[in-house]
Amino acid sequence: MASTMGLGKQELMDTAQRAMDTTMITQEWTDRQKLALTCRALYDAGHDSGLAGQISARGDEPGTFWTQRLGLGFDEITADNLLLVDEDLTVLAGDGMANPANRFHSWVYRARPDVNCIVHTHPLHVAALSMLEVPLQVSQMDIAPLYDDCAFLKDWPGVPVGNEEGEIISEALGDKRAILLAHHGQLVVGTTIEEACSLAHLIERAARLQLLAMSAGEIAPLPPRLAREAHDWTLSHRRSEANFQYYARRALRTHPDAV
């Protein structure tokens, strides 16, 4: 006879979370492998925009981070061709040069000690939504991890290669995990590479959903309490890991050379 039918929702959620923490099996990857797999997965998910966009993750030494080499698309990134750079974008390990636009990553890392990975891309639906100068509206369960967690920068600061852009973007991001950049694209940050990878997938889906919904009528908001509950539940560390494992497996089927 069922033993859980009389339990409350919170108790069931807690039980499920404990089960996820102890039973889910994950493949171990290095940070560089995770970055490469994230690039390949995002490329397949529509985040390709030529050479635009960057990904980075903190290095072992303070003030350093791993990023991709300028001239390579997300579909060409491997664990071996990533660069280790300092805050001046001086290459400390690897061959080539970093994208000059990576400068604003240093500003985000300085402002947010909790951030260990940054993904900035110009995917199609995010870019289209950014042209309307409207914030992201999170009103569907699948994209709940972005609820009240996506900032909006309405004033385009131009090409983000100067320190001014770093200050503007890091300040506009604030304590959020994501930001929609008007006339530009998106930026997500994560405490882990797995979290940033998941959020980057979600923000493009969110933009696509919003454009579809706006074309059909007025978007109805989510009930705040339930939306916050869904945000916290779907953004747990273990769920981000599980999402990443799926994205990595899918990417490896198409891009076995990534790692």
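Within an unreviewed UniProt entry, the label attached to the protein reads Aldolase, and the organism entered is Tsukamurella strandjordii. Regarding the protein, the relevant UniProt record gives this comment under Sequence similarities (unreviewed entry): "Belongs to the aldolase class II family."

> Can you help me understand the packing of helix α3 (residues 103-111) against helix α5 (residues 163-173) in this one?
When two helices pack together, their arrangement is given by the angle between the helix axes and the distance between those axes. Axis separation between α3 and α5 bottoms out at 8 Å; the angle between their running directions is 40°. On the basis of their axis angle, the class for α3 and α5 is oblique. In terms of crossing hand, the pair formed by α3 and α5 is right-handed. Taking contact as the criterion, the partners of Arg 103, Phe 104, Trp 107, Val 108 and Ala 111 in α3 are, on α5, Asn 163, Gly 166, Glu 167, Ile 169, Ser 170 and Leu 173. Within the contact of α3 with α5, the residues separate by chemical class into six nonpolar, three polar and two charged.

> It is not clear to me how the sheet that holds strand β4 (residues 91-93) should be interpreted in this structure. Could you clarify?
Working definition: the strands of a sheet are paired by backbone hydrogen bonds and lie parallel or antiparallel to each other. As summarised here, the arrangement of the eight strands in space is β4-β3-β2-β1-β5-β8-β7-β6, forming an open sheet in which the pairing is mixed. One side of each edge strand has no neighbouring strand; the edge strands of this open sheet are β4 and β6 (150-153). Each strand axis lies, on average, 25° off the axis of its neighbour in the sheet, ignoring direction. Sheet topology places strand β1 (residues 54-58) next to strand β5 (residues 117-121); four bridges connect them, and they run antiparallel. By the bridge assignment, Ile 55 is partnered in β5 with Val 119. Its contacts with the sheet put α5 on β6, β7 (178-181) and β8 (185-190), and the angle it makes with β6 is roughly 140°. Where helix α6 (residues 193-216) meets the sheet, its contacts fall on β1, β5, β6, β7 and β8, and the angle it forms with β8 comes to roughly 150°.

> I tried to follow the pattern of salt bridges on my own but got confused; where do I start?
Between side chains of opposite charge, a pair can form as their charged atoms come close. This model, assessed by the stated rule, comprises 12 salt bridges. Among the ionic pairs, Asp 148 bridges to Arg 228, the shortest N-O distance being 3.1 Å. In this pair, Asp 148 sits in the loop between α4 (124-130) and β6 while Arg 228 sits in helix α7 (residues 224-234), placing the two residues 80 residues apart along the sequence. On the basis of relative accessible area, Arg 228 is assigned to the partly exposed category, the value being 31%.

> Please explain the nonpolar core as it appears in this structure.
For soluble globular proteins, nonpolar side chains are generally found buried alongside one another. Within the largest apolar cluster, 35 residues are counted, with the highest numbers of intra-cluster contacts made by Leu 35, Val 119, Leu 136, Leu 146, Val 188 and Ile 203. When residues of this core are traced back to their parent elements, those giving at least two are α2 (31-47), β1, β5, α4, β7 and α6. Considering every element that reaches this core, the biggest residue donor is α6, with eight residues. Leaving out residues up to four positions away in the same chain, Leu 35 has contacts with Ile 55, Ser 56, Ala 57, Trp 66, Leu 82, Cys 117 and Ile 193. Core analysis: the next-biggest nonpolar cluster, separate from the first, contains 18 residues, Phe 104, Tyr 109, Leu 173 and Ile 179 among them.

So, how was this worked out
By convention here, each chain's residues receive numbers from 1 onward along its written sequence. Local features are withheld for residues below a pLDDT of 70 in this predicted model, meaning they are given only at 70 or higher, and side-chain atom pairs are given and counted only at 80 or more; totals for whole chains, interfaces and linings count all residues. Working from all heavy atoms in the structure, the side-chain values ignore hydrogens and water. UniProt positions are given in the numbering used here, feature names are shortened, and annotations may be inferred rather than shown by experiment. Angles run from 0 to 180 degrees between N-to-C directions of axes, and those axes are lines fitted to C-alpha atoms, restricted for helices to the stretch in contact. The numbering of helices and of strands both runs from the N terminus, where a helix is a DSSP run of H or I of at least 4 residues and a strand a run of E of at least 2. Oblique is the label for any angle not covered by the other classes, which are roughly parallel (under 35 degrees), roughly antiparallel (over 145) and roughly perpendicular (65 to 115). For any pair of crossing helices, the crossing counts as left-handed if the nearer helix is rotated counterclockwise from the farther one by less than a right angle, and right-handed if it is rotated clockwise. Any two residues having at least one pair of non-hydrogen atoms within 4.5 Å are treated as being in contact. Under this grouping Gly is polar, as are all residues other than the nonpolar Ala, Val, Leu, Ile, Met, Phe, Trp, Tyr, Cys and Pro and the charged Asp, Glu, Lys and Arg. Note on pairing: two strands pair once DSSP finds at least 2 bridges between them. Within this document, salt bridges are pairs made up of a side-chain nitrogen of Lys or Arg and a carboxyl oxygen of Asp or Glu, the two lying within 4 Å of each other. Buried, partly exposed and exposed residues are distinguished by accessible area as a fraction of the type maximum, computed with a 1.4 Å probe on protein chains only: under 20%, between the cut-offs, and over 50%, respectively. By nonpolar core we mean a set of buried residues, namely Ala, Val, Leu, Ile, Met, Phe, Trp, Tyr and Cys, connected to one another through side-chain atoms within 4.5 Å.

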